[in-house]
Amino acid sequence: MAVRKVKDADLKNKRVLVRVDFNVPLKDGTVTDDTRIRAALPTLKHILDQPGTRLILMSHLGRPKDGPDPQFSLKPVAARLSELIGRPVKTADDCVGPVAEAAAGALSAGDILLLENVRFHKSETKNDPEFAAQLAKLGEVYVNDAFGSAHRAHASTEGVAHLLPAYAGLLIEKEVAFFEPVLKNPAKPFVAIIGGAKVSSKIAVLESLLPNCSTLVIGGGMSYTFLKAQGHQIGKSLVEDDYITTASGMLQAAREKGVEVVLPVDHSVASEFSEDAKPEPVDSVDIPAEKIGLDIGPRSIEKLRSIIAAARTVLWNGPMGVFEFDNFAKGTHEVARMVADCAGTTIVGGGDSVAAANKFGVAERIDHVSTGGGASLEFLEGKVLPGIKALEA
Ligand code: AMP
């Protein structure tokens, strides 16, 4: 997919309207995780480095239900951005209309304006052309750097791209540059490690990765549906009975394609699903009737070590167990370390494995930690992301 790139855009003396993903967590009016703001900095700096540019930023934040709502205001984000970029960041009380137009019109060269939350208008998520036209009025060039929102065809992510010269920012370019080869021609061995709660939310990704995979590692809550499909006892572990046939079909398809599927061979279980539950080792694939599998066991962990070390490409999406509970975090922690230690290209995509990589302090040693949860999943499913399609050359 070839997109128009911001580095090829003539930005000199232009008002540049940039869609960023500043949908960050806030607590008491302060940003508690600024990863997404930092991820946008290369694009923002590139634009500001061009002579005479004025930067107009727009984003959504949370899911405000009914118009403007102070708890979803982007003002605290402006304060954090200003600290990170080392320049003042102006704000406007709206993202369209006379207030926004006056604020954008008053900018001097090198100024930054962060508009108010685009989701304060219902027209945003409806991709209303009239609303997109109002946004487009504010700039002369449009840059989309909001990878985390690129799977949504909204006015600020898609509609506006048809109304101005439109380019992909450096973050979108980087995300695509890492994910696209995974789907097309990954350096092999390519090991995909897929975990998390549900088969239903990952099945499309599994199907899309299978043709290019050397080894498919399945862990976490979703692995019990696969184990049950193989005829194993899974006790009271998480299971999606509706997906047992699908899981069998996948295992069969993997066999036919010569893809090695690695499922847990032992477990850490408990009698209840709780933070304080006592972990008990189960040294077999089968789990006793009253027990719940909450993490992969030591033999499963060791089995992964040589597989991950030998990989030339690793994609990791989804934890190996309930890593939020310290007693059941070991499998995920060890996999995070193995991925970080792997000499091949390593990619972590999806909200919970990114949280795990951060929690276990390995994110810096991973080649690409995606900023898009839903967007990275849909990209890996092989879907066309509307926010990126609109930037195609
Ligand atoms: P997902 O959003 O599908 O990637 O799922 C992530 C969630 O899966 C995390 O909140 C984990 O706690 C949960 N999870 C992982 N392993 C298990 C398990 N064995 N049983 C229940 N939940 C699990």
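What you see is a predicted model, and the numbers here were worked out from it, not measured in a lab.

Undergrad: Where do I start with the overall build of the chain in this structure?
TA: Looking only at helices and strands, the chain features 14 helices and 17 strands. Summarising its shape, the C-alpha atoms of the chain cover approximately 70 × 45 × 35 Å along the three principal directions. The buried share of the chain, reckoned over its 393 residues, is 55%. Here the contacts in the chain between residues at least 6 apart in sequence split such that 74% fall between residues at least 24 apart. Split by element, the accessible area of the chain, about 16200 Å² in all, is 50% carbon and sulfur.

Undergrad: Could you clarify how one ought to interpret helix α10 (residues 298–309) in this entry?
TA: Counting along an α-helix, one turn takes 3.6 residues, and residues three or four places apart therefore face a common direction. Compared with an ideal rise of 1.5 Å per residue, which puts 12 residues at 16 Å, α10 spans 17 Å between its outermost C-alpha atoms and is within 8% of the ideal. Taken together, the buried positions of α10 are S300, I301, L304, I307 and I308. Down the axis of α10, the sector holding all buried residues measures 125°, keeping them to one side. Seen from the buried face of α10, the exposed residues on the opposite side, beyond 90 degrees, are P298, S306 and A309. Elements that come into contact with the buried residues of α10 comprise β9 (190–194), β10 (215–218), β11 (260–262), β14 (292–296), β15 (313–317) and α11 (330–341).

Undergrad: So what exactly am I meant to see when it comes to the pairing of strand β4 (residues 54–58) here?
TA: Side-chain direction in a regular strand flips from residue to residue, so the side chains alternate between the two faces of the sheet. Taken across its five residues, β4 has five buried, putting it largely inside the fold. Side chains R54, I56 and M58 of β4 all project onto a buried face; the interleaved residues L55 and L57 project onto the opposite face, where all are buried too. When strand β1 (residues 15–19) meets β4, the two strands line up parallel, connected through five bridges. The residue of β4 that forms the bridge with L17 is I56.

Undergrad: Before we go on, may I ask you to explain the side chain of N317 in this structure?
TA: Its place among the elements puts N317 in strand β15. Since its relative accessible area comes to 2%, N317 is described here as buried. Among the polar contacts made by the side chain of N317, one reaches the side chain of K202 at a distance of 2.9 Å. Beyond its immediate chain neighbours, meaning those up to four positions away, N317 contacts I193, I194, G195, K202, G349, G350, S353 and L377.

Undergrad: Help me understand the sheet that holds strand β6 (residues 112–114) in this model?
TA: Backbone hydrogen bonds hold the strands of a sheet together, and the pairing may be parallel or antiparallel. The parallel open sheet is built from six strands, whose spatial order is β5-β6-β4-β1-β7-β8. The open sheet has two edge strands, β5 (90–91) and β8 (166–168), and neither has a second partner. Judged from the three bridges that link them, β4 and β6 form a sheet pairing that is parallel. Within β6, the position partnered with L55 by the bridge is I112. Relative to β6, helix α2 (residues 75–85) is tilted by about 155°, and along the sheet it contacts β4, β5 and β6.

Undergrad: Help me understand the site of the ligand, please; the structure alone is not making it clear to me.
TA: Within the structure, the ligand sits among 16 residues, and A197, K202, G221, G293 and E324 are positioned closest to it. A distance of 3.1 Å separates a nitrogen atom of the ligand from a polar backbone atom of G221. The side chain of D352 places a nitrogen or oxygen atom 3.3 Å from an oxygen atom of the ligand. With the chains in place, 81% of the 500 Å² that the ligand exposes on its own is no longer accessible. Of all elements in the fold, only α7 (199–209) and β14 reach the threshold of two or more residues within the shell around the ligand.

Undergrad: I would appreciate a short explanation of the sheet that holds β15 in the present structure.
TA: As summarised here, the arrangement of the six strands in space is β11-β10-β9-β15-β16-β17, forming an open sheet in which the pairing is parallel. Across the chains shown, the open sheet's two edge strands, defined by having one partner strand only, are β11 and β17 (368–369). Bridge analysis of β9 against β15 gives five bridges, and the strand direction is parallel. Bridging across to β15, V191 finds its partner in V314. Packed onto the sheet, α10 meets β9, β10, β11 and β15 and runs at close to 140° relative to β11.

Undergrad: Is there a simple way to think about the pairing of strand β12 (residues 267–270) in this case?
TA: Burial along β12 is two-sided: the residues H267 and V269 and S268 and A270 are all buried. Relative to strand β13 (residues 280–282), β12 runs antiparallel, the two sharing three bridges. Directly across from H267, in β13, lies its bridge partner V282.

Undergrad: Looking at this structure, I do not really get the packing of α10 against α11. What am I missing?
TA: Between two packed helices, the angle of one axis relative to the other and the distance separating the axes together describe the packing. Running from N to C, α10 and α11 point in directions that differ by 15°, and their axes come no closer than 10 Å. Relative to α11, the element α10 lies roughly parallel. Where α10 crosses over α11, the two elements pack in a sense that is right-handed. Seen from α10, the contacting residues are I301, L304, R305 and I308; seen from α11, they are K330, G331, E334, V335, M338 and V339. When its residues are assigned to classes, the contact of α10 with α11 shows six nonpolar, one polar and three charged.

Undergrad: Just checking my understanding: could you explain unusual backbone geometry for this structure?
TA: Note: most residues except glycine have negative phi, and most peptide bonds are trans. For the bond from K188 to P189, the omega torsion is 5°, close enough to zero to count as cis. For P189, the location among the structural elements is in the loop between α6 (170–184) and β9. At D28, a residue that is not glycine, the phi angle is positive and equals roughly 50°. Relative to the helices and strands, D28 resides in the loop between β2 (26–27) and β3 (30–31).

Undergrad: Explain helix α13 (residues 373–380) to me, please; I cannot follow it from the model alone.
TA: In terms of residue burial, α13 counts as a mostly covered element, since six of its eight residues are buried. Buried residues in α13 make contact with α6, α7, β15 and α14 (386–389). Two residues or fewer after α13 comes G382, characterised by a positive phi angle close to 90°.

Rules behind the numbers
- Residues numbered from 1 in each chain as written.
- Predicted model: local features only at pLDDT ≥ 70, side-chain atom pairs only at ≥ 80, totals over all residues.
- Heavy atoms only, no water.
- Helix = DSSP H or I, 4+ residues; strand = E, 2+ residues; numbered from the N terminus.
- Buried < 20%, exposed > 50% of the residue type's maximum accessible area, 1.4 Å probe, protein only.
- Contact = heavy atoms within 4.5 Å.
- Areas by Shrake-Rupley, 256 points an atom, 1.4 Å probe, with all protein chains shown as cover.
- Expected span 1.5 Å × (residues − 1).
- Arc of directions from axis to C-beta.
- Pairing = 2+ DSSP bridges.
- Polar contact = N/O pair within 3.5 Å; in protein donor to acceptor, adjacent residues only side chain to side chain.
- Axes fitted to C-alpha atoms, helices over the stretch in contact; angles between N-to-C directions.
- Near = heavy atom within 4 Å.
- Parallel < 35°, antiparallel > 145°, perpendicular 65-115°, else oblique.
- Left-handed = near helix turned anticlockwise from the far one by under 90°.
- Nonpolar A, V, L, I, M, F, W, Y, C, P; charged D, E, K, R; others polar.

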